[in-house]
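# Chain and residue survey
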Amino acid sequence: MLENIRLAFQGIWSHMMRSFLTMLGIIIGIASIIAIVSTIKGTSEQIKEDLIGAGSNTVNIYLYDGDNRYDSEYGNSSKAPVLTDDVKEEVRDLDHVENATFYYNSTSASIYNNNNSLEGGSVYGIDVNYLATCGYVIQSGRGFVSDDYKNYNKVALIDDNAAQNLFPSQNPVGQTVEINQEPYTIVGVIRQDENYQPTINSIDEYYTYYQSIVGSVMIPDSCWPISFRFDVPQNVIVKADSTDTMSSVGNSTADALNNSITSLNTNGSTTMKYKAEDIMEQVKSMQKLSESTNNQLIWIASISLLVGGIGVMNIMLVSVTERTKEIGLKKAIGARKKTILGQFLTEASVLTSIGGIIGVVTGIGLSKVVGKVTGSPTAISVPSIVIAVLFSTVIGVVFGLLPSVKAANLNPIDALRSE
């Protein structure tokens, strides 16, 4: 085998220009496929980051009344269920759950600081896990402490968007904000890590995340009844240990919450149900649409591999013709058919493997160029590189088989007599 490889390199080196032109079809085909696969992978990752952020892995679970989200300001078939500490602990103990938070939310509260209002903003009644689960960090001041929850301290946190809208050119820490005419002292300003923020590329996405753009105010969940006296359900956010487990974590959390609702309603008359917001399904559907389009391009690029394979077959047939006497001499001194067959198959596969490696390098460079020129995201796929090189080797074996068989079946006497 090693001797065959040495002879293959010797033959390629002795006819460098011819060998390069033979490899050109393989190089172009492999480079095109690597560039397309890199674009597919980059686009898929970009879709995921746009919808769920680069590293949040969080899933929202909302309470529904029938087919609609539970809205405490309008009529519902029954009161929102109260989630006990045991249920919350059960959710946190579920497989693949890193953290979980239970919170209240209102988007219709009046939020004022003197003449400045946060119209369209959100108010959250949060527990001790909310900031960590949702990726918030303290920008200035402090977060909530245990005494704030125990003593019903009327304190608040605001994010940087709310700080700009309510306290332009001022330090909000220590100042007062009114939530439904109840005063709260601001103890800290928070901001969300960029990895937890979806990218907004359209007006529809803007309206989807409008509240977070306007700003949010957060108070301890124990203080929620002070400003909000109507029936508000606790929604849930769970953080999965990876993006791949988000769907299963969301579904298992919803099941645990619904089991608690069922246990409180033994007659089965309730229409209340928790449902997970399965963003990963949106991600997968958009990725599938993107990949289906690009897969067509891969098939088109594969045509050049077919052309390259035919070129390899052609040049190997020429090589057999040129080396007829060499083959006849080897067979005359005892070389078997399989030896000759192995030598020419090795030469064909080495030729296409070199073309595959050059194609991979060219494809990586091409993907970078395309990414910079078009602004499209790209990501190199290591498995696709390995498969591309192996596939180029297979092309050499398949298209080199006919010339190799022809060489192996040459009659040594006729071969030695040939001019």
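Report follows, based on the coordinates. Everything numeric in this text was worked out from a predicted model, so none of it was measured.

### What to know about the overall build of the chain
When you go through the chain residue by residue, the secondary structure sums to 15 helices and 13 strands. Taking all 419 residues of the chain together, 45% fall into the buried category. A separation threshold of at least 6 residues defines the contact pool for the chain, and within that pool the share at least 24 residues apart is 82%. A total of about 21700 Å² of accessible surface is found on the chain, and carbon and sulfur atoms cover 55% of it.

### A few points about helix α14 (residues 382-408)
Compared with the 39 Å implied by 1.5 Å per residue over 27 residues, the 37 Å span of α14 between its first and last C-alpha is a close match. Taken as a whole, α14 carries its principal kink of about 50 degrees at Leu 401; the proline Pro 403 stands between one and four residues after it.

### What about the packing of aromatic side chains?
Two descriptors summarise a pair of aromatic rings, namely the distance from one centre to the other and the angle between the planes of the rings. Under the counting rule described, the total for this entry stands at seven aromatic pairs. Aromatic side chains Tyr 104 and Trp 224 sit 5.4 Å apart centroid to centroid with 15 degrees between the ring planes, which places their arrangement in the stacked category. With a gap of 120 residues between them, Tyr 104 in strand β3 (residues 97-106) and Trp 224 in helix α9 (residues 224-227) connect regions that are remote in the sequence. Comparing Tyr 104 with Trp 224, the two get one shared label, buried. Seen in terms of ring centroids, Tyr 124 and Tyr 130 are 5.8 Å apart; in terms of plane orientation they differ by 40 degrees. Their pairing is tilted. The exposure class of Tyr 130 is buried, given its relative accessible area of 4%. Clustering of aromatic rings is evident, with ring pairs tying together Tyr 103, Tyr 124, Tyr 130 and Tyr 136. One cation-aromatic arrangement involves Arg 69 over Tyr 62; the distance from NZ or CZ to the ring centre is 3.7 Å. When the ring centre of Tyr 64 is taken as origin, the NZ or CZ atom of Lys 275, which lies over that ring, is 4.9 Å away.

### A look at the pattern of salt bridges
One pass over the full model with this rule turns up three salt bridges. One salt bridge in this structure joins Arg 142 and Asp 148, with 2.9 Å as the shortest N-O distance. Overall, the relative accessible area of 2% leaves Asp 148 in the buried class.

### Considerations on a negative patch on the surface
Side chains of Asp 85, Asp 86, Glu 89, Glu 90 and Asp 93 sit close together on the surface and give a patch of like negative charge. Relative to the helices and strands, Asp 85 resides in helix α3 (residues 85-92).

### What about α3?
Since there are 3.6 residues in each turn of an α-helix, residues three or four apart along the chain are aligned in direction. Those residues of α3 that fall on the buried side of the exposure criterion are Val 87, Lys 88 and Val 91. Down the axis of α3, the buried set is contained in an arc of 100 degrees. They therefore lie on one face. Exposed residues lying more than 90 degrees from the buried face of α3 are Asp 85 and Asp 86.

### A short note on unusual backbone geometry
What you tend to see is this: most non-glycine residues have negative phi, and most peptide bonds are trans. Residue His 96 is not a glycine yet carries a positive backbone phi of 70 degrees. On the secondary structure map, His 96 appears in the loop between α3 and β3. Looking at His 96, the relative accessible area reads 42%, which means it is partly exposed. Despite not being glycine, Ser 169 has its phi angle at roughly 60 degrees, a positive value.

### So, the environment of Thr 58
Checked against the element boundaries, Thr 58 lands in strand β1 (residues 58-65). Sequence-wise, Thr 58 and Met 246 are 188 residues apart; in three dimensions their C-alpha atoms are separated by 7.1 Å.

### Notes on the nonpolar core
Ile 111, Ile 158 and Ile 179 are the most contacted members of the largest nonpolar core, which totals 23 residues. Not counting the four nearest positions on each side in its chain, Ile 111 is found in contact with Asn 116, Ser 117, Leu 118, Gly 121, Ser 122, Val 123, Leu 166, Val 177, Glu 178 and Val 217. Counting 22 residues, the second-largest nonpolar core is a separate cluster that includes Leu 83, Val 87, Val 97 and Tyr 274.

### Focus: the side chain of Asn 235
Assignment of secondary structure puts Asn 235 in strand β12 (residues 235-240). Here the side chain of Asn 235 touches Leu 63 through a polar contact of 3.4 Å, landing on its backbone nitrogen. Apart from the residues within four sequence positions on either side, Asn 235 is in contact with Ile 61, Tyr 62, Leu 63, Thr 101, Phe 102 and Tyr 103.

### Things to note about the pairing of strand β6 (residues 122-126)
Buried residues dominate β6, accounting for five of its five residues. The alternating pattern of β6 places Ser 122, Tyr 124 and Ile 126 and Val 123 and Gly 125 on opposite faces, both of which are buried. As judged from the three bridges shared by β3 and β6, these two strands associate in the antiparallel manner. Within the sheet, the bridge partner assigned to Asn 105 lies in β6 and is Tyr 124. Sheet analysis places β6 next to strand β11 (residues 216-220), joined by five bridges and oriented parallel. Directly across from Tyr 124, in β11, lies its bridge partner Met 218.

### Details of the environment of Gln 139
As for its position among the elements, Gln 139 is in strand β7 (residues 136-141). Along the backbone, Gln 139 and Gln 192 are 53 residues apart, and their C-alpha atoms lie at a distance of 9.5 Å. If we ignore the near neighbours within four places in the chain, the residues touching Gln 139 are Asp 160, Val 189, Ile 190 and Arg 191.

### Quick notes on the pairing of β12
Within β12, six of the six residues are buried, leaving the element largely enclosed by the surrounding structure. Side chains Asn 235, Ile 237 and Lys 239 of β12 all project onto a buried face; the interleaved residues Val 236, Val 238 and Ala 240 project onto the opposite face, where all are buried too. Pairing of β1 with β12, which is carried by four bridges, proceeds in the antiparallel orientation. In the sheet register, Asn 60 faces β12, and the bridge partner there is Ile 237. Direction of pairing for β3 relative to β12: antiparallel, over a ladder of six bridges. Counterpart to Thr 101 in the pairing with β12 is Ile 237.

Reading the values: rules and limits
- Residue numbers restart at each chain and count upward from 1, following the sequence in its written direction.
- Confidence filtering applies because this is a predicted model: local features only for residues at pLDDT of at least 70, side-chain atom pairs given and counted only at 80 or more, and all residues used for totals across whole chains, interfaces and linings.
- Each side-chain value is derived from all of the structure's non-hydrogen atoms; neither hydrogens nor water enter the calculation.
- Per the convention used, a helix needs a DSSP run of H or I reaching at least four residues, while a strand needs a run of E reaching at least two, with both numbered from the N terminus.
- For the exposure calls, accessible area comes from a 1.4 Å probe over protein chains only, and a residue counts as buried if that area is under 20% of its type's maximum, exposed if over 50%, partly exposed in between.
- We call two residues in contact when some of their heavy atoms are within 4.5 Å.
- The method behind every accessible area is Shrake-Rupley, applied with a 1.4 Å probe, and residues are considered shielded solely by the protein chains displayed.
- What a helix should span is 1.5 Å times the count of its residues minus one.
- The bend at a residue is defined as the angle formed between two axes, one fitted to the seven residues ending at that residue and one fitted to the seven starting there.
- Any two rings among Phe, Tyr and Trp, with Trp reduced to its six-membered ring, count as a pair given centres within 6.5 Å; such a pair is stacked if its planes are under 30 degrees apart, edge-to-face if over 60, and tilted if neither.
- A ring has a charge above it when a Lys NZ or an Arg CZ is no more than 6 Å from the ring centre and no more than 35 degrees off the ring normal.
- When a carboxyl oxygen of Asp or Glu is within 4 Å of a side-chain nitrogen of Lys or Arg, the pair counts as a salt bridge.
- To count toward a patch, a residue needs a relative accessible area over 30% and no salt bridge; like charges are then connected within 9 Å, while nonpolar side chains (Val, Leu, Ile, Met, Phe, Trp, Tyr) are connected within 5 Å.
- When charges are counted, Lys and Arg contribute as positive and Asp and Glu as negative, whereas His and the chain ends are disregarded.
- Charged groups are reduced to one reference atom each: NZ for lysine, CZ for arginine, CG for aspartic acid, CD for glutamic acid.
- To be clear, the arc concerns the directions from the helix axis to the C-beta atoms.
- Side-chain atoms within 4.5 Å link the members of a nonpolar core, which is a set of buried Ala, Val, Leu, Ile, Met, Phe, Trp, Tyr and Cys residues.
- Here a polar contact is taken to be a pair of N or O atoms separated by no more than 3.5 Å, where protein atoms must pair a possible hydrogen donor with a possible acceptor and residues adjacent in sequence count only if both atoms sit in side chains.
- Two strands pair under a simple rule: DSSP has to find at least two bridges between them.

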